[in-house]
Amino acid sequence: MSTENLPQSPEQPRRKPRVAVVFGGRSSEHGISTVTAGAVLKAIDRTKYDVLPIGITREGRWVLTADEPERMAITERRTPDVDDLAESHEGGVLLPADPGSREVVYSEPGSVPKALGEVDVVFPVLHGPYGEDGTLQGLLELSGVPYVGSGVLASAVGQDKEYMKRVFTSFGLKVGPYVVIRPREWERDTSAARKKIIDFAGDHGWPLFVKPARAGSSIGITKVDDLSGLDEAIEEARRHDPKVLVEAALRGREIECGVLEFEDGPRASVPAEIPPPQAHAYYDFEAKYIDSTPGVVPAPLTEEQTAEVQRLAVEAFEAASCEGLVRADFFLTEDGEFVINEINTMPGFTPISMYPQMWQASGISYPELVDRLVQAALRRPTGLR
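As the structure is a computational prediction, the values presented were derived from the model and not from experiment. Each chain carries its own residue numbering, running from 1 in the direction its sequence is written. In keeping with the model being predicted, local features are shown solely for residues with a pLDDT of at least 70 and side-chain atom pairs are shown and tallied solely at 80 or more, while totals for entire chains, interfaces and linings include all residues. Heavy atoms throughout the structure, all of them, feed into the side-chain values; hydrogens and water do not.

**A word on the overall build of the protein**
Reasoning step 1: Numbering of helices and strands runs from the N terminus, with a helix taken as a DSSP run of H or I at least four residues long and a strand as a DSSP run of E at least two residues long. Secondary structure assignment for the protein yields 12 helices and 16 strands.
Reasoning step 2: Its C-alpha atoms give the protein a radius of gyration of 22 Å, within 12% of the compact-globule value 21 Å for 385 residues.
Reasoning step 3: Projected onto its principal axes, the C-alpha positions of the protein cover 90 × 55 × 40 Å.
Reasoning step 4: When a residue's accessible area, from a 1.4 Å probe over protein chains only, is under 20% of the maximum for its type it is buried; when over 50% it is exposed; and in between it is partly exposed. Counting all 385 residues of the protein, 53% fall into the buried class.
Reasoning step 5: Residue-level accessible areas treat just the shown protein chains as cover; the underlying method is Shrake-Rupley with a 1.4 Å probe. As displayed, the protein has an accessible area near 17900 Å², and 50% of this comes from carbon and sulfur atoms.
Reasoning step 6: Two residue types count as positive, namely Lys and Arg, and two as negative, namely Asp and Glu; His and chain ends fall outside the count. To locate a charge, the coordinates of NZ of Lys, CZ of Arg, CG of Asp or CD of Glu are taken. With 41 positive and 60 negative side-chain charges, the protein shows a separation of 2 Å between the mean positions of the two kinds. With the radius of gyration taken over C-alpha atoms, the globule rule is written as 2.2 Å times the number of residues to the power 0.38.

What follows is the structure, given as C-alpha cells:
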C-alpha cells in the first residue's frame, strides 16, 4: 500500500542539549567555584542550551539553586555560598544510577520524587577535592553522563601535586625541587618529618613554600622564610590536606598558558605573565580573587620563548592524559629555562581569571570558550577512551 497520500505526522522540534552546571562542593574552594558558576551561567547561550544549575553544599548535599548569576559574585570581599542559593534546604538532587538513563530526579522527605528531565552534559566547575580530583568524574562515568574536562585519572593527577610532578618528570618535563610529608610521617614522628624539611632547606635554601598537596586557588599556602615559621605553616597546610608538599623557591618570572581541546587536538593560547603582587608576599588567594591582581596578557616574551612555553603546555596536557581544558603554570628561570610548576584541570574560570583572559587574547571570547567546552564534552563518550 502506498503511503504517499497519507497525512504525515509533523516533525517534533529538536530538543536543545541540557547542560547541568554543577558547583560549590565540600572543598575550601567552595566560594570560588560558586563565583565561577555564576560566570558560566551568565555566558552560556540560552538559545542553544537548556541549563540546570545544581549546587553542592559544603556538607555534600546536591541541591537545586536559583538561576541567578548576579547572586554568585564576590561582595564585600566575601565569596558566595550554595546554601544561600538553594531553593530548598530539605530536598536533594539525584543523578541516575543506571548508565542507560540520564534522568535527574529531585527528592524531598515525604514527597514523591520529581523527574527533572534528562541531562545531556555536566559542566562541573568545582575546584579542589571532591570535585576536581576525579571523584565527581568517576560518579559521572558510572552514571553514563558526559562532562566537561578531564577524566578520572587526569583529574586525580592534576589535583595531587606530588604525583603530577612525578608524571611530568617521567615525560621529561622539568620540575622544581620539592619534598613531600605524608600523613603518617607527621603523625608517627613529627621530629623526623621536620628534620626532613630542614635538610631539604639546607640543600635548597630558604624561603620555602609549604602547601596542601591536593588543594588549589593558593589556599593554605605559606611562604616560610626561616625555621621559626615552619610548624605553623605545616599546620596551616594540614588544615586543608593531611599530605603536605614543600617546594624550594624558584627565582624567575611566573608564566601561564592555557590549553584547549579542539576537534583536531589540543592547542595552546598566548601565554600570560603574573607580575609580583604589590600588596602580597606572593600570588595568593586574596591577590588572585579579592584584590584581582592583573596579569599581563600576552606575556612579554620573545617569539622563541612563546613557542616554547606553548609547546610545553601542550606536552603537559598530553602527559597527564587531559581533556577539555588545562591551565599550565611555569617559572621562567633567570637562566632562561621553563620549569613547570603545576597544571589545573579546572582552572579559575571567572571572566577575570587568567585562563579566559588568555583565550580572549587568542581570539576566543568567554561565551565561545564555554560553548567549545560543552561541544567537546558532547562529542566525547563516557567510559574507556
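So much for the structure itself; the text now carries on.
**Overview of the nonpolar core**
Among soluble globular proteins, nonpolar side chains are generally buried collectively.
Reasoning step 1: Residues grouped as a nonpolar core are buried Ala, Val, Leu, Ile, Met, Phe, Trp, Tyr and Cys residues, joined through side-chain atoms within 4.5 Å. Ranked by size, the top nonpolar core spans 34 residues in total, and within it V21, F123 and F349 carry the most contacts.
Reasoning step 2: Elements with a contribution of two residues or more to this core: β1 (18-24), α1 (30-43), α2 (82-85), β7 (121-124), β12 (252-262), α11 (354-361) and α12 (366-379).
Reasoning step 3: Ranked by the residues each element gives to this core, the list is headed by α12, at 6 residues.
Reasoning step 4: Should any heavy atoms of two residues lie within 4.5 Å, those residues are considered in contact. Those residues in contact with V21, other than ones at most four positions away along the chain, are A37, V40, L41, V51, L52, P53, I54, F123 and V125.

**Examining the sheet that holds β7**
Reasoning step 1: What the 4 strands build is an open sheet, ordered β3-β2-β1-β7; its pairing is mixed. Of all strands in the sheet, those with a lone pairing partner are β3 (62-64) and β7, marking the two edges. Here the strands of the sheet are splayed against their neighbours by 30° on average, with no regard to which way each runs.
Reasoning step 2: Whether two strands pair comes down to DSSP finding at least two bridges between them. Where β1 meets β7, 4 bridges bridge the pair, whose relative direction is parallel. Among the inter-strand pairings, V22 is bridged to a residue of β7, identified as P124. Note on definitions: angles span 0 to 180 degrees between N-to-C directions of axes, and those axes are lines fitted to C-alpha atoms, for helices only across the stretch in contact.

**Regarding the confidence of the model for the protein**
Reasoning step 1: Values of pLDDT, the confidence the predictor places in each residue, fall between 0 and 100. Of all residues in the protein, 91% attain a pLDDT of 70 or more, and the chain-wide mean is 90.
Reasoning step 2: With pLDDT under 50 throughout, residues 1-10 is counted as low confidence; its partners more than four residues away or in other chains account for 1 contact.

**Topic: the packing of helix α7 (residues 190-204) against helix α8 (residues 230-238)**
Reasoning step 1: At a minimum axis separation of 12 Å, α7 and α8 run at an interaxial angle of 110°. Considering the angle they form, α7 stands roughly perpendicular to α8. For the element pair α7 and α8, the recorded crossing hand is right-handed. For the pair formed by α7 and α8, the contact residues are R194, I197 and I198 on the first element and L230, D231 and I234 on the second.
Reasoning step 2: Classification convention: Asp, Glu, Lys, Arg as charged; Ala, Val, Leu, Ile, Met, Phe, Trp, Tyr, Cys, Pro as nonpolar; all other residues, Gly among them, as polar. The residue inventory of the contact of α7 with α8, partitioned by class, reads 4 nonpolar, no polar and 2 charged. Here the angle decides the label: under 35 degrees means roughly parallel, over 145 means roughly antiparallel, 65 to 115 means roughly perpendicular, and every other value means oblique. Helix crossings get a hand from a simple test, with the near helix turned counterclockwise from the far one by less than a right angle marking a left-handed crossing and a clockwise turn marking a right-handed one.

**So, α1**
Reasoning step 1: Its 14 residues place the ends of α1 20 Å apart at the C-alpha level, agreeing with the 20 Å of an ideal helix rising 1.5 Å per residue.
Reasoning step 2: Across the 14 residues of α1, 13 count as buried, placing the element largely inside the fold. To estimate how far a helix should reach, multiply one less than its number of residues by 1.5 Å.

**What to know about the pattern of salt bridges**
Reasoning step 1: The term salt bridge refers to a pairing of a side-chain nitrogen on Lys or Arg with a carboxyl oxygen on Asp or Glu at a separation within 4 Å. Scanning the entire structure with this criterion turns up 32 salt bridges.
Reasoning step 2: For E162, the salt bridge identified is with R182, shortest N-O distance 2.6 Å. Residue E162 is found in helix α5 (residues 161-170), and its partner R182 is found in the loop between β8 (178-181) and α6 (183-188); the two are separated by 20 residues along the sequence.
Reasoning step 3: Residue class for E162 comes out buried when judged on its relative accessible area of 1%.
Reasoning step 4: For D231, the salt bridge is made with R194, and the minimal N-O distance between the two is 2.8 Å. Taken as a pair, D231 in helix α8 and R194 in helix α7 lie far apart in primary sequence, 37 residues in all.
Reasoning step 5: Exposure remark for R194: the relative accessible area of 23% places this residue in the partly exposed category.
Reasoning step 6: Overlapping salt bridges bring together E141, E261, E323, R380 and R385 as one network.

**Examining α5**
Reasoning step 1: Taken together, the buried positions of α5 are K161, E162, M164, K165, V167 and F168.
Reasoning step 2: Where α5 is buried, its residues meet α4 (152-159), β8, β9 (208-212), β11 (244-248), α10 (303-319) and β16 (338-344).
Reasoning step 3: The first or second residue beyond α5 is G172, which carries a positive phi of 85°.

**Some thoughts on the packing of aromatic side chains**
Reasoning step 1: Each Phe, Tyr or Trp ring, with Trp reduced to its six-membered ring, pairs with another whose centre is within 6.5 Å; inter-plane angles below 30 degrees give stacked pairs, above 60 give edge-to-face pairs, and intermediate values give tilted ones. The full count for this structure, using the stated rule, is 5 aromatic pairs.
Reasoning step 2: Between F262 and W359, the aromatic rings sit 6.0 Å apart at their centres with planes inclined by 55°, giving tilted as the arrangement. You can see F262 sitting in strand β12 and its partner W359 sitting in helix α11, a full 97 residues away along the chain.
Reasoning step 3: For F262, a relative accessible area of 7% translates into the label buried.
Reasoning step 4: W359 sits in the buried class, given a relative accessible area of 3%.
Reasoning step 5: These aromatic residues form a ring-pair network of at least three members: F123, F349, Y355 and Y366.
Reasoning step 6: Over the face of the ring belonging to Y163 we find R166, whose NZ or CZ atom lies 5.9 Å from the ring centre.
Reasoning step 7: For a Lys NZ or an Arg CZ to count as sitting over a ring, it must be within 6 Å of the ring centre and within 35 degrees of the ring normal. R267 extends its terminal NZ or CZ atom over the ring of F262, reaching a point 4.0 Å from the ring centre.

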